[in-house]
Amino acid sequence: QVQLVESGGGLVQAGGSLRLSCAASGRTFSSYAMGWFRQAPGKEREFVAAINWTGGSTYYADSVKGRFTISRDNAKNTVYLQMNSLKPEDTAVYYCAAKFGLLTATSADRPGEYRHWGQGTQVTVSS
């Protein structure tokens, strides 16, 4: 069982940066691929980024590619999402999620592939 707790959200002006963190409980964190998703009011949850268990493979949504960076520190049981050049359309609740096993390009962006979810952290970007 993995429990996930996100932090680092807040209010930032357009063009600014935030770094989200997701702390995981449990001794098997390194066995899980990790993902970030977001959900804006009135919209479906959408994929943002994902990283495999070693950190050697990463995947990004086209909308954030070049602006966001996902990383992980298995010694600290934590995954990060560095968000730069933020835009008002990045405003959403951001969720981290854990997927046991192999992460592939075809599975990384599917919410149903992830077994464990955090409670979310709000990111608001003002124009």
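See the structure above.
Treat the numbers as computed from the prediction; the structure is a model and nothing was measured.

The next subject is the sheet that holds strand β8 (residues 78-83). Within the open sheet, the four strands sit side by side as β1-β3-β8-β7. Their pairing is antiparallel. Each end of this open sheet is capped by a strand with a single partner; those strands are β1 (4-7) and β7 (68-73). Going across the sheet, the axis of each strand differs from the next one's by a mean of 15°, ignoring polarity.

Regular strands place side chains that alternate from one sheet face to the opposite one. Across the seven residues of strand β3 (residues 18-24), five count as buried, placing the element largely inside the fold. Note that β3 and β8 share six bridges and pair antiparallel. Counterpart to Leu20 in the pairing with β8 is Leu81.

Before going further, it helps to spend a moment on the state of the cysteines. Tallied over the entire structure, the rule returns one disulfide. The disulfide partner of Cys22 is Cys96, and the S-S distance across this bridge is 1.9 Å. Across the disulfide from Cys22 to Cys96, rotation about the S-S bond amounts to roughly 45°, and the bridge is consequently right-handed. In this pair, Cys22 is assigned in strand β3 and Cys96 in strand β9 (residues 92-100), connecting sequence segments 74 residues apart. Assessed through its relative accessible area of 0%, Cys22 is described here as buried.

This paragraph deals with the pattern of salt bridges. Tallied over the entire structure, the rule returns five salt bridges. Of the charged contacts in the structure, one is a salt bridge between Arg38 and Glu46, with a shortest N-O distance of 2.6 Å. Residue classification places Arg38 among the buried positions, given a relative accessible area of 5%. Relative accessible area serves as the criterion here: at 35%, Glu46 is assigned to the partly exposed category. As a salt-bridge pair, Asp62 and Lys65 come within 3.1 Å of each other at their nearest N and O atoms. The network of salt bridges with common partners includes Arg38, Glu46, Arg67 and Asp90.

What follows concerns the packing of aromatic side chains. What the rule picks out here adds up to five aromatic pairs. Centroid distance Phe37 to Trp117: 5.1 Å. Interplanar angle 55°. Geometry classified as tilted. Separated by 80 residues along the polypeptide, Phe37 in strand β4 (residues 32-39) and Trp117 in strand β10 (residues 116-117) bring together distant segments of the chain. Exposure remark for Phe37: the relative accessible area of 0% places this residue in the buried category. Judged by relative accessible area, which is 27%, Trp117 ranks as partly exposed. An aromatic cluster of three or more residues is present, and its members are Phe37, Phe47, Tyr114 and Trp117.

About the criteria used
Residues numbered from 1 in each chain as written. Predicted model: local features only at pLDDT ≥ 70, side-chain atom pairs only at ≥ 80, totals over all residues. Heavy atoms only, no water. Pairing = 2+ DSSP bridges. Helix = DSSP H or I, 4+ residues; strand = E, 2+ residues; numbered from the N terminus. Axes fitted to C-alpha atoms, helices over the stretch in contact; angles between N-to-C directions. Buried < 20%, exposed > 50% of the residue type's maximum accessible area, 1.4 Å probe, protein only. Disulfide = S-S within 2.5 Å. Salt bridge = Lys/Arg side-chain N within 4 Å of Asp/Glu carboxyl O. Phe/Tyr/Trp six-rings, centres within 6.5 Å; stacked < 30°, edge-to-face > 60°.

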